[in-house]
Amino acid sequence: MMEDGDFPTSAAEFLTSTAFSNGVLLLEDEDAASRPSSVGGDDGGEEERRRQRRVVENAARVALVLARSFANMCRGSDISHDAAHHQLSHFELDDFFVRLDRDGPGRSRGQPSAPKEESDDLMDCFRQLVEDEEERQRAEVKDVHGNALGLGYFSSNNDPPVDAKRRSSTNTNQTANESQSCDESAPTQVLHGMDVTFPTRMKDDQPQSVATPLQILGKLLYGIFCLGESPPPEVSITTAMKAAPEPLNVSNLDLEDAFSLLSSRTSRGAEATLFSQLVDSEAFPIAVCRLISDLIDAGSNVGAPFRSFDSVIEELEQMTSQPLICLHDSYTSHVTPRPPIFGQVYYGRDEEVATIVAVAERTKNCAPEENVGVEAVFVHGIAGSGKSQLVQTASDQLSRSGWTLVKGKFERGAEHASRGIVSSIFDDVVSLLAKMKDEDNGKRASKFILDYVGLELLPSLADFLPSLPELFGPIDRAGSKQILEDWQLVNCISKVLEAAIGAGQQIILCCDDMQWADRTALALIMEVLTRLGETFCRTDHCFFFVGLYRDDEVDDDHNLSIQYSYLQLSSNTRTSEVALASLTKEDVANMLMKELRLSRRMVWELADTVYKKTSGHAFFVAELLNSLLRDSTIAYSPKLRRFDWDEDIVAMKKTGDNVAGLIASNISTLSAEHRHIIRILACFGIQTDIPLLKTMEDFQRGIIPSLAIFIERGILDRAGPLLMFCHDIIQQAAYEAVPLADRQQLHLAIGQFLGDLASVDARSSVDPLAKSIGQLSVSDQIYFAGSNLTSSLVGIACDQIDSVPTEAIGSDCDLLQFAEWNLAAGQKAAAHSDNRAAQYYFAKGIDFLGNECWLNDYQLCLALHEGAVFASFSLGEAERAVEYAERVIEFVSFEETLDVQQYLLRSLTQLGKPNECLARGTDLLRKLKFDIPLLPTRESVAEAMASTDLEYSKYKREDFLNLCERTIDGSARSIVRIMEAFYLACYASASPILPLVTCELLKYSLANGICQEAPIAFASYGMFKIAVQDDYASAREIAETTRALIDKLQAANRNRQNFDIRSRLLLFITIDIWFSSPRVVSQQLLNYHQRAKQTRQMDIAMIALQMGWRYLLYGGEKLSFILQGAEERTELIAKNCGYASKYIVLDNALMEELTGRTIARFDDIDGFSNSVDDIQADAEAVNNNRLLHHIHFNSMLLAYWRGDLATAEKSSRAAWKFPTATMPHILLIYHTFFAGLIAFRLLRSSSGGDDERMKEGKENMDRMETWARTISMPLFGNKWHLLQAEHAACDNCLYFEATKQYKASIDLARDHGNVHELALAHELAGEYLASCGRQSDATAHFKQAYTFYNQWGATAVAERLLSRHNLVIGSAEAEQQSNTSKRARPGDVIDIE
C-alpha cells in the first residue's frame, strides 16, 4: 500500500498512476467485504484476479462521480469548484476532462478562468486552470490545510487549453436534454489519452452534433474504464446508432402465431454490435461492456435502453455497492451457467428479519431489571408468504453468534400427530445435550435433569424424548413404568431446556404451521413457555420462541387464539407479532437482480410483469420464475452473456390463478415414473426420512435414485436423514393432483405394505387398555413420517390406511386386521400419554369393525372402546366419551363396565347434565349396594353425619395415615372412583344428597383403605361439619388431617401428583375462609390456579382464577387493580371453562356497578353470554341451583349499592331459598351481613313496626355474632358491630348504643384494612346521625365515606353519595382525599381520627 504522501491528488494523475493500474489504491467508501480475502497458499493468478477486480471497482467509483457531474452539467446546475479540494475522496468533474475550443483565444499559464457570467453551460462545469504536462509535473498548489497538491488535466497533447466562446444556455429539462441531440457545434473532449470527437452534421451551414448526451456520457465512461489503453477498432457513434425496433402488434394474430412471431424476434442472433466488440476485446467486465454499449450503441437491439441520467447513475451505484453481483464477471463465454433456483434466498423482509434478530439480542443482553422471562414472537401471514424462510434467514444470521434453531412443523389434517411433532422438537434439544455429554457443561446438565426427573420417571420420559439414552446411556423402557402426567411432562421438558441453556446452548425454539396443531399440543407448548418464564425471569438465558401460523385460518375461537391469549396473560412472558404482507415490485426486482446478476434497468420490466401475475405472493413469485427458467422462457444467451427473455412472451404466458395450479403444471412435466414417486412421497405428508424410503424401495423401485432429481428441481429438500417438500403448498398440489380414487388406492397399498412389514401379531395381544403393549411384536426402528415421530411402522401403516374412508375400502381388504393394527397404534400412543393420537387410532379401529363390531371380535371391540373412552375424556371431549361409554355399558356385563362408568359420570358432569348424571349415579350406587335416597330429609342427613362421626372418631391422625399404606384391590378402587365421580356431579349441581354421598365415600374408604380419590370425601366431611353441625373447630381439624393425607399419598405416589387439586380447592373455599381473610384466601386460590394450570386441569384452574379475584373483590382490594386485567381474565375464562365464565359475568356486573366503568363484552365466543338474564334463563332450564343462588345473591348486592333496598330485600329472600345458601362459603358470610343491613335499614325507614324484618335482621346479626365470638373477631367483628349499630338505630332510645357500635365497627375496619366496610360504616353512621338532627356530624361521616369509597375504587358509589347528600367537597379536602386515596392501600392501617 502506498503511503499517504504518495497518493495521486487529481483524477487525471490517479488514472495514469501505477496505483490505479495495480489496483492498490482503494477509495475510502469501498466495501472491504466485497473483495475476496486472501487464502493461504494462494497462487499469483488469484492475486492478479483480485487486483484486477480492485482496479475495476476503482474505475466504477470514478465513473459514478463523472456521471453525476456530467448529469448536473447537462441539467444546467451550478457546481462550484475549488482547486484546493481535489482529493481522491472528493472528486469533481473538472478533475476528469477539459473542454477544448479550437477557435477561442489562448490563455497563458496562471491566467484565471473566464468569469461565470461569461461561460456557457459546459464551461460552468469545466472551469479549471490547465497547465501543460511538463509544468504540471513541477507545480505545487496549496490546499486549505497548506498541503501541496498537483493539478492535472486530461489531454492527449501538450497544447494549452483555450477559452470557449460564449453560448446561450440550452434547455435544462432532464428527459428532453438527455434524449435529444445537442444543438451545439461538435466539440472535442479530451479524456485520458482518448480523443473523443463527436460526429456532426451540417444544418444551415452550421455544424450540428448528432450525438445525444447519453451517448457522449457513454464515450466518457469508456475513457474511464479503458485506463488509457488503446481501444479496439473504433466504432463511431454514427455507425453505432441504429433505429429502435418497431413495436410488435399481435392484436390481430391468434395465440399460436403470436408466440411464433415473438419467439423469432430475439436478440440472440443479432449481428455484431459494439457490445460484442467490447466483449471480444476482453478488456472490460461484461457489465461494463453492457453499460457502455447500451449508452453508445442505443439502437442495437438494446433490451432495456437507458432513458435518463438517473438510470445510468443508479446502475453505477449498483456496481459500486454490490460489485460481486453487478460488476464483476460471473459467467464465462465457454460454459453455460446453471440456472438459479428462486426461493432459496430471502428477499424483501429485511425489517422483519431485523425484528427477530433484535429479540435474540435483547434476550442475550438483557439487564436483570429488564428481564421478563421468555420472549415469544408470532409470525403470521397467508400460505406462501415466506414465514418459514423468514425464521430460517434470521436464524442463519444468528447462528454466526452461536444460536441454534430447533424447529418442528405441524401438518394439515393430522391433528392426532401433533404430540409426536412436539416430541421431536424437544427431543432435538436432548440431542444437542448428548453431543456435549463428555464436556463439563454437559455432565452438569445431565445431573441437573436426572436429579429432577429421578430414575423412576426416566423411562417414561424417554418414551417422549427417545434421545435420552444418548445422554444417560441405556434406559430400560420395556418394563413397568410410572405414568407420566401432563403436568409432570411440562416440568420435565422445562428442566431439559433449562439444563441445555445452562450448559451454554443458545436456542431458538420454532413451531411452524401452528394453526394445524391439536389443542393439547398447543397447551403443552404454551405451558412449557410459561414455566420457563417463571424460571428465566430470575436468571440470564439465551432462549426465545417463534411461532408461525396462517392468519387466514385462525379466528378468535381457534385453539391457537385461546392458547395465545393465555400466554399473553402470563407476567413472565413477552409476546410480539410479525405480520408478513406480499412482496413489493421493488422486492421482486431485487430478487431478479441478485439471482440473474443484472442491473435493475435490465430486470424492471420483468419484475413488473411477474409482480402483476402473482400480486407479490412470495412463493408464487419464486415458482413462476423457476417455471420460466425450466421452460427456457428465461434462458442464458451466450451472445449477450446474460440471462435473456422476451417481455411479450413472458406477459402472454399462462400461469393459472394461483400457485397451486402452477406447481401442478410443473409437476406434470416430469416423467410418468417420477410423477408416481412424487405422489407416493406426498402421501406421507410434508416430510419423511431416508430409512423409511429405503424400506419403500421394495414397494416402488427408483425412489432413492430419483431424490436427487427432485432436489435439483426445487421440489424436495434434504436435511440429514430427513427429506421434505420445499413447501407444503408443493406437497398439497402434488397430492391433490391425483384423482381421489387413485389416491385412496395408493394409501391403502402403502399401508398394507408397511403393516405387513411390521409383523404385528395383534390377535394374540388384544388386552384391555390397562395392560402393557410391550408384548406387541413390532419394529423398534424410529421413523419420521409427516413430521411425526413414531415408534414403529404400524403407526405409519395406520396413518396411510386411516386416511381412506371405510366405505371406500374394497371387500378384498381385511378390515379386522386394520382394526388390530389401529389398536396396537392406539395403545402405543396411550402408553406415551399421547391421548389425541390414541383417540384417533381407537376410533378408526372401531370404524373398521362396523355395525356388528361386538359380534365380530368381542375382546378387540372392548379394548378399542375402553381406550376411546379414556382418551376422549382425557382430551376434555365429554360427548365422545359418553358415546363410547354407553356402547360399552349396552353390550358388556356390569362388572366389566366399572372402569368406564366413572368416566361416563364425569363426562355427564362436564356436559352440564346434572339430572341425568344424578339418575345414572344413584342407580349405579344401588347396584353396588349403596342405598342413597334422591330426596333426603334433615333427619336422614343428621343421621348420616352422626354415623360418620362415630366411625371417624375411632381413628387418630396417625391411623388415617396408616390407612394410606393399605393396598386396595381393583374392584374396591373402581368403586371409590365411581363414588368420587358421583360426588363431583352432586357438588356441581348442589344436590341435596351430597352429604349422604360424602358420608358413604368416607366410610367406604375407612373400611377398604385410603386411596388418592378419598381426600375429597375428608374435605367435604369437614365442610358439612360446618354446614350441618356448626362445628367450626372440628372442621378445622379435619382440614389439617386432609392435608396430611394428601401429603402422605403424594409422597407414596410421585407419578400421580394432581389428585389433590379438587380436595385442596374445597378446603380453601369452604373451611379456610372462616379462619383467614378473603385477601389471604384469594392469594392461595391464585397460586392454586397456577398449579392446576400446570397439571392441565383447566376447569379447576379457571374456577380458582375466578374465585381468587372474587375474593379480592369482596375483601376490599382496590377496584382499579382488579379492573386492570378484568377483560383478559374474562376472555380467558370464557374460552376455557363455560362453568366459571357464568360466575365471572356476575362479578363483572358488580364491578361495573361500583366503579361506573364498562368491561368489554365477548359475545363472539361460542357458548359465552354477557347477559345475566340469559345466564339465569339457562340456569332455570337445567335447574342449576348453585348458579341461581349466585345470580340472586349478586342481584341483592347490585340493588343495595344502587340504593334500591326493596329490590335488594326481594333478591336476598330469593337467594335464601336455595340449599346452597347455607353451605359454608364466602357468599354465606356476605349474604348474612347485607341481609341484616337491608332488614334493619328498611325497618328504620318504615312508618310502623315490622316484626318479620326485625326477626330477619336479628337472625343475621346473631349468626355474625357467633362467628365473631367463636371464630375470629378480626374477620367478623366490624360486620357484627355494624349490624348491632343498625339494630340499635331502629330504637330511638338507643342513641348512645348505636353511636358506640358505629364507632366500634369503624375502628375494627380501620385496624384490619377493610376499606370498603370502613366506607360503608361511615355512610351508615352519617345517615343515622342525620336522622337524629346531627347534620354537621353526619356530613363529616359522609365526607369520610366519600374518601374511602374513592380509595376502594367505588367511584360510582362515591358520586351517588355526593349527590344524595348534597356534599360540597372543597379543593383542599379534595386534594387531601386524593392524596389519601393514592397513598393508602387495602391492608393499610387507616387513621380517621
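What counts as what
Residues numbered from 1 in each chain as written. Predicted model: local features only at pLDDT ≥ 70, side-chain atom pairs only at ≥ 80, totals over all residues. Heavy atoms only, no water. Helix = DSSP H or I, 4+ residues; strand = E, 2+ residues; numbered from the N terminus. Contact = heavy atoms within 4.5 Å. Areas by Shrake-Rupley, 256 points an atom, 1.4 Å probe, with all protein chains shown as cover. Buried < 20%, exposed > 50% of the residue type's maximum accessible area, 1.4 Å probe, protein only. Salt bridge = Lys/Arg side-chain N within 4 Å of Asp/Glu carboxyl O. Expected span 1.5 Å × (residues − 1). Phe/Tyr/Trp six-rings, centres within 6.5 Å; stacked < 30°, edge-to-face > 60°. Lys NZ or Arg CZ within 6 Å of the ring centre and 35° of its normal. Pairing = 2+ DSSP bridges. Axes fitted to C-alpha atoms, helices over the stretch in contact; angles between N-to-C directions. pLDDT = per-residue confidence, 0-100. Core = buried A, V, L, I, M, F, W, Y, C linked by side-chain atoms within 4.5 Å. Parallel < 35°, antiparallel > 145°, perpendicular 65-115°, else oblique. Nonpolar A, V, L, I, M, F, W, Y, C, P; charged D, E, K, R; others polar.

A look at the overall build of the protein chain
Here is step 1: In terms of helices and strands, the protein chain carries 62 helices and 19 strands.
Here is step 2: Relative to all contacts within the protein chain whose residues are 6 or more apart in sequence, the contacts with residues 24 or more apart total 74%.
Here is step 3: Of the accessible surface of the protein chain, which amounts to about 58000 Å², a share of 48% is contributed by carbon and sulfur atoms.

Some thoughts on the side chain of His-674
Here is step 1: Mapped onto the secondary structure, His-674 falls in helix H27 (residues 672–683).
Here is step 2: Judged by relative accessible area, which is 15%, His-674 ranks as buried.

Focus on the side chain of His-380
Here is step 1: Checked against the element boundaries, His-380 lands in strand E8 (residues 374–381).
Here is step 2: On the accessibility criterion, His-380 (11% relative accessible area) is buried.
Here is step 3: Ignoring sequence-local partners within four residues, the contact set of His-380 consists of Lys-387, Tyr-549, Asp-551, Glu-577, Val-578, Ala-579 and Leu-580.

Focus: the pattern of salt bridges
Here is step 1: Here the structure, examined in full by the defined rule, presents 58 salt bridges.
Here is step 2: Arg-957 serves as the salt-bridge partner of Glu-1037, at 3.7 Å between the closest nitrogen and oxygen. Placement of the pair is Glu-1037 in helix H45 (residues 1032–1052) and Arg-957 in helix H41 (residues 957–963), with a sequence separation of 80 residues.
Here is step 3: Look at Glu-1037 and you get partly exposed, because its relative accessible area is 32%.
Here is step 4: Owing to a relative accessible area of 31%, Arg-957 belongs among the partly exposed residues under this scheme.
Here is step 5: Lys-1279 serves as the salt-bridge partner of Glu-1317, at 3.2 Å between the closest nitrogen and oxygen.

Some thoughts on helix H58 (residues 1295–1311)
Here is step 1: Compared with an ideal rise of 1.5 Å per residue, which puts 17 residues at 24 Å, H58 spans 24 Å between its outermost C-alpha atoms and is within 8% of the ideal.
Here is step 2: Taken together, the buried positions of H58 are Tyr-1295, Ala-1298, Gln-1301, Tyr-1302, Ser-1305, Ile-1306, Asp-1307, Leu-1308, Ala-1309 and Arg-1310.
Here is step 3: Contacts from the buried residues of H58 go to helix H55 (1226–1245), helix H57 (1273–1289), helix H59 (1315–1331) and helix H60 (1335–1352).
Here is step 4: Directly after H58, the chain includes Gly-1313, whose backbone phi takes a positive value near 70°.

Looking at unusual backbone geometry
Here is step 1: Positive phi, normally seen in glycine, also occurs at Asp-513, with a value near 55°.
Here is step 2: By secondary structure assignment, the location of Asp-513 is in the loop between strand E10 (506–512) and helix H20 (519–536).
Here is step 3: Despite not being glycine, Ser-632 shows a phi value in the positive range, around 65°.
Here is step 4: With respect to the helices, strands and loops of the structure, Ser-632 is situated in the loop between helix H24 (618–630) and strand E13 (635–637).
Here is step 5: For Ser-632, a relative accessible area of 44% puts it in the partly exposed group.

Here's the deal with the environment of Ser-1034
Here is step 1: Mapped onto the elements of the fold, Ser-1034 is located in helix H45.
Here is step 2: We classify Ser-1034 as partly exposed; its relative accessible area is 24%.
Here is step 3: As a C-alpha pair, Ser-1034 and Gly-1022 span 12 residues in sequence and 7.3 Å in three-dimensional space.

A look at the packing of aromatic side chains
Here is step 1: Per the counting criterion, the structure on display carries 38 aromatic pairs.
Here is step 2: Members of the aromatic cluster, each reached through a chain of ring pairs, are Tyr-1200, Trp-1201, Phe-1233, Phe-1234, Tyr-1349 and Trp-1352.
Here is step 3: Positioned over the ring face of Trp-645 is Arg-642, at 5.9 Å from the centre of the ring.
Here is step 4: We note Arg-743 situated over the ring of Tyr-735; from NZ or CZ to the ring centre the distance is 4.6 Å.

Side note on the sheet that holds strand E9 (residues 403–409)
Here is step 1: Strand order in the open sheet made by the five strands is E9-E10-E11-E8-E12, with parallel pairing throughout. The open sheet has two edge strands, E9 and strand E12 (573–579), and neither has a second partner. When strand polarity is set aside, the average angle formed by the axes of neighbouring strands in this sheet is 20°.
Here is step 2: The pairing of E9 with E10 spans seven bridges and is parallel. For Lys-407, the partnering residue across the bridge sits in E10 and is Cys-510.
Here is step 3: On the sheet, helix H21 (residues 559–569) packs against E8, strand E11 (543–550) and E12 and is oriented at approximately 135° with respect to E12.

Thoughts on the confidence of the model for the protein chain
Here is step 1: Predicted confidence across the protein chain gives a mean pLDDT of 78, with 76% of residues reaching 70 or more.
Here is step 2: Per-residue pLDDT stays below 50 along residues 77–203; that stretch engages in 256 contacts with residues further than four places along the chain or on separate chains.
Here is step 3: Within the model, pLDDT remains below 50 along residues 258–270, and this stretch shows 28 contacts once partners closer than five positions in the same chain are excluded.

Quick look at the nonpolar core
In globular proteins that are soluble, nonpolar side chains generally tend to be buried together.
Here is step 1: The biggest cluster of nonpolar side chains holds 311 residues, and the ones touching the most others in it are Trp-1074, Met-1102, Tyr-1200, Trp-1201, Phe-1234, Leu-1320 and Tyr-1349.
Here is step 2: Here this core takes 13 residues from helix H48 (residues 1098–1115), the largest share from any one element.
Here is step 3: Excluding residues that lie within four positions of it along the chain, Trp-1074 makes contacts with Ile-1026, Tyr-1032, Pro-1224, His-1225, Leu-1228, Ile-1229, Trp-1267, Ile-1271, Leu-1275 and Phe-1276.
Here is step 4: Ala-376, Phe-378, Val-422 and Ile-525 belong to the second largest nonpolar core, which has 59 residues in total.

Brief notes about the packing of H27 against helix H29 (residues 703–712)
Here is step 1: Where H27 contacts H29, the two axes come as close as 11 Å, and the packing angle between them is 95°. With respect to each other, H27 and H29 are oriented roughly perpendicular. Judged by residue contacts, His-674, Ile-677, Ile-678 and Leu-681 of H27 engage Ile-703, Ser-706, Leu-707, Ile-709 and Phe-710 from H29.
Here is step 2: Across the contact of H27 with H29, the residue classes break down as seven nonpolar, two polar and no charged.

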